[in-house]
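Residues per chain, in single letters:
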Amino acid sequence: MVEGPCRLQGAVQISGAKNSALKLMVAALLGQGTFSLENVPRITDVQTMAEVLESLGAGVVFQDHRMEIRVGALHGRTPEHLVRSMRASVQVMGPLLARLGWVEVALPGGCAIGSRPLDIHLAGLRQMGASITLNGSRLVAEAPRGLRGADITLRYPSVGATENIMMAATLAKGETVIRNAAQEPEITDVQAFLQAMGAQVEGAGTPVIKVKGVGELGCAQAAVMPDRIEAGTYLLGFLVTGGEGIVSKARPEHFAPLLNVMRAMGATVDVDGDQVYVAAPRRLRSFGLVTKPYPGFPTDLQPQMVAAATQAHGASELKETVFDQRFGYLTELKKLGAVVRQKGQKVTVHGPVRLKGAELKAGDLRAGAALVLAALAAQGTSVIRGAQHIDRGYEAMESKLSAVGACIRRVEEMGGSTCSMN
Ligand code: UD1
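Residues numbered from 1 in each chain as written. Predicted model: local features only at pLDDT ≥ 70, side-chain atom pairs only at ≥ 80, totals over all residues. Heavy atoms only, no water.

1. Comments concerning the domain arrangement of the protein chain
Domain boundaries assigned for the protein chain yield domain 1 (2-15 + 226-420) and domain 2 (18-223). On a C-alpha basis, the centroid separation for the pair domain 1 and domain 2 is 30 Å. Listed by partner, the interface residues are 22 residues for domain 1 and 25 residues for domain 2. The junction of domain 1 with domain 2 conceals about 2000 Å² of combined surface from both sides, 50% of it contributed by carbon and sulfur atoms. It is Tyr294, Arg392 and Glu395 in domain 1 that bury the most area against domain 2; as a group they hold 34% of the surface buried on that side. Counting the contacts that link domain 1 with domain 2 gives 2 salt bridges. Between Arg392 and Asp45 there is a salt bridge; the shortest N-O distance is 2.9 Å. Taken together, the links from domain 1 to domain 2 amount to 8 residue pairs in polar contact (both at pLDDT 80 or more). Elements with a minimum of two residues in the side of domain 1 that touches domain 2: α12 (365-377) and α13 (387-391). Classifying every residue of the side of domain 1 that touches domain 2 by side-chain character gives 6 nonpolar, 6 polar and 10 charged. (Domains from an automatic or database assignment. Contact = heavy atoms within 4.5 Å. Buried area = accessible area lost by both parts, 1.4 Å probe. Salt bridge = Lys/Arg side-chain N within 4 Å of Asp/Glu carboxyl O. Polar contact = N/O pair within 3.5 Å; in protein donor to acceptor, adjacent residues only side chain to side chain. Helix = DSSP H or I, 4+ residues; strand = E, 2+ residues; numbered from the N terminus. Nonpolar A, V, L, I, M, F, W, Y, C, P; charged D, E, K, R; others polar.)

2. Structural notes on the sheet that holds strand β3 (residues 33-38)
Reading across the sheet, the 4 strands line up as β4-β5-β3-β13 and stay open at both edges, with mixed pairing between neighbours. Each edge of the open sheet carries a strand with a single partner, namely β4 (59-63) and β13 (221-223). Taking each pair of neighbouring strands and ignoring which way they run, the sheet shows an average axis angle of 15°. Pairing between β4 and strand β5 (residues 66-71): 5 bridges, direction antiparallel. (Pairing = 2+ DSSP bridges. Axes fitted to C-alpha atoms, helices over the stretch in contact; angles between N-to-C directions.)

3. Notes on the pairing of strand β12 (residues 208-212)
Residues Ile209 and Val211 point to one face of β12 and are all buried, whereas Val208, Lys210 and Lys212, pointing to the other face, are not buried. In this sheet, β12 lies alongside strand β10 (residues 175-179) in antiparallel orientation, the contact comprising 5 bridges. In the strand pairing of β12, Thr176 is matched with Val211. Here 3 bridges tie strand β11 (residues 200-202) to β12, and the two strands are oriented antiparallel to one another. Residue pairing across strands places Gln200 opposite Lys212, the latter belonging to β12. Count of turn residues in the β11/β12 antiparallel hairpin: 5 residues, of which Gly203 carries a positive phi of about 105°. (Buried < 20%, exposed > 50% of the residue type's maximum accessible area, 1.4 Å probe, protein only.)

4. Some details on the packing of aromatic side chains
Tallying each qualifying case throughout the model produces 1 aromatic pair. The aromatic ring of Phe62 is capped on one face by Arg42, whose charged end is 4.1 Å from the ring centroid. (Phe/Tyr/Trp six-rings, centres within 6.5 Å; stacked < 30°, edge-to-face > 60°. Lys NZ or Arg CZ within 6 Å of the ring centre and 35° of its normal.)

5. Re the pattern of salt bridges
Under the defined criterion, the tally for this structure stands at 19 salt bridges. The salt bridge involving Arg66 is made with Glu38; its shortest N-O contact spans 3.2 Å. Residue Arg66 is found in strand β5, and its partner Glu38 is found in strand β3; the two are separated by 28 residues along the sequence. Under the relative-accessibility criterion, Arg66 is labelled partly exposed at 34%. With a closest N to O distance of 2.8 Å, Arg155 and Asp119 form a salt bridge.

6. Some details on α12
The end-to-end C-alpha distance of α12, which contains 13 residues, comes to 19 Å, matching closely the 18 Å that a straight helix rising 1.5 Å per residue would cover. Counting buried positions over the 13 residues of α12 gives 13, a clear majority of the element. The residue sitting at the N-terminus of α12 and contributing the capping side-chain oxygen is Asp364; that oxygen lies 3.2 Å from the backbone nitrogen of Arg366. (Expected span 1.5 Å × (residues − 1).)

7. Some words on the packing of helix α8 (residues 228-240) against helix α10 (residues 302-309)
Viewed as axis vectors pointing N to C, α8 and α10 meet at an angle of 5°, and their least axial separation amounts to 10 Å. The angle between α8 and α10 falls in the class roughly parallel. Only Gln304, Met305, Ala307 and Ala308 of α10 make contact with α8, whose side of the interface consists of Ile229, Thr233, Leu236 and Val240. Across the contact of α8 with α10, the residue classes break down as 6 nonpolar, 2 polar and no charged. (Parallel < 35°, antiparallel > 145°, perpendicular 65-115°, else oblique.)

8. Brief notes about the site of the ligand
Around the ligand, the structure places 21 residues, and the nearest of them are Asp119, Ile120, Ser158, Asp300 and Val322. Contacts to the ligand include Leu118, whose backbone N or O atom sits 3.4 Å from an oxygen atom. Contact distances for the ligand include 2.8 Å between an oxygen atom and a backbone N or O atom of Gly160. Calculation on the ligand without its partners gives an accessible area of 740 Å², and the protein chains cover 89% of this total. Looking at the shell around the ligand, the elements with two or more residues in it are α1 (18-27), α5 (119-127) and α6 (159-169). At 3 residues, α5 tops the list of elements feeding residues into the shell around the ligand. Here the residues of the shell around the ligand are counted per class, giving 8 nonpolar, 5 polar and 8 charged. Split by domain, the shell around the ligand shows at least three residues from each of two domains, domain 1 (2-15 + 226-420) and domain 2 (18-223). (Near = heavy atom within 4 Å. Areas by Shrake-Rupley, 256 points an atom, 1.4 Å probe, with all protein chains shown as cover.)

9. Observations regarding the sheet that holds strand β9 (residues 151-153)
Spatially, β9-β10-β12-β11 is the arrangement adopted by the 4 strands of the open sheet, whose pairing is mixed. Of all strands in the sheet, those with a lone pairing partner are β9 and β11, marking the two edges. Going across the sheet, the axis of each strand differs from the next one's by a mean of 10°, ignoring polarity.

Structure below.
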């Protein structure tokens, strides 16, 4: 529940990256021993992944922001309800196939933002010698004589497929080359972790990744990199509310495209080490952007940018090229008074408009974040249902926002009425 409008001011400390933490946890399945991860975000997707690891035979202890994962003997059948609730669980496929010679996973779920097929993952694993069949709603992958290295060109630089194939290749026989690989910084984080486990892998962060398979992998320690999407969300929070503030413990070089757009909007942006200061101008300017794989503008900040565009002078144009159905939240944004026109994968936002509080529903993680930002700028009370989507990827969003001046609280609904959780 958000009371607006408010002007955010202050500092927000950024948590560890969801999209790195989940993959580091999965990478541990390739090794043996006790792994230790620091700076792990306290979000529900991490809890779900911990349950996935436990269901496969690993031991997980998660305290504060430190996680210990004990890996010994494993088996390869993932529980359907966990995979369905989180698409990232499909990442266990490559590591388990490489390690055990077989794996069975349900077809995954996750945010409802498009078709999100698995063909690129499966084509790569098949090229490495896996036979993959669909048994009802479960994928069964087998490589009884082990995976072998291959020269694989991805038809699209899928983040998940790059990571799945890269992890599988660490225990395959011979060399694997992944071409047209995704270059997201989270993949570089996974590579460093695999190297610390003893894997021979290089090239993450470039379009060509090379992996030489080894016989076995040990254990490792790592600190999860800062979450660039969380950092971007709070920077846009300062901007959309006409405020100013700092995000700290961030890696600004990971979100340069966002900083460029914010500057083009007229914001003051200063980078100092792991901190970014942003101040909204008196008059926000409209902008244009196209989402692309890294190092392009991230699709995971597209909904938050549309929220910001409602307060910019003129017509902003955004084109989504990564996911085919990532504008479902526009209906909700319009309830606040946003003037938005969608044509296929393009959206035009006319601003600035005086948003007015409304009852809204978050349909997915980043849409939920965008609705919160817009509600902070809106006059009056907004209720955002579906906050569990936000909890999947944002640690303590309401506390972080309250600390910089937002009037936001979590309420539990009981039989139609709301009850405060404060
Ligand atoms: C990851 C991120 C997600 C981010 C996305 C794109 C995690 C847990 N999630 O998701 O937050 O939005 O990268 O930066 O890291 N595709 C196919 N076939 C495939 C695989 C993907 O067609 O086999 C398509 C998808 O439908 C989508 C596009 O490729 O349209 C990008 O998907 P991908 O890069 O794989 O995203 P994820 O790894 O699922």
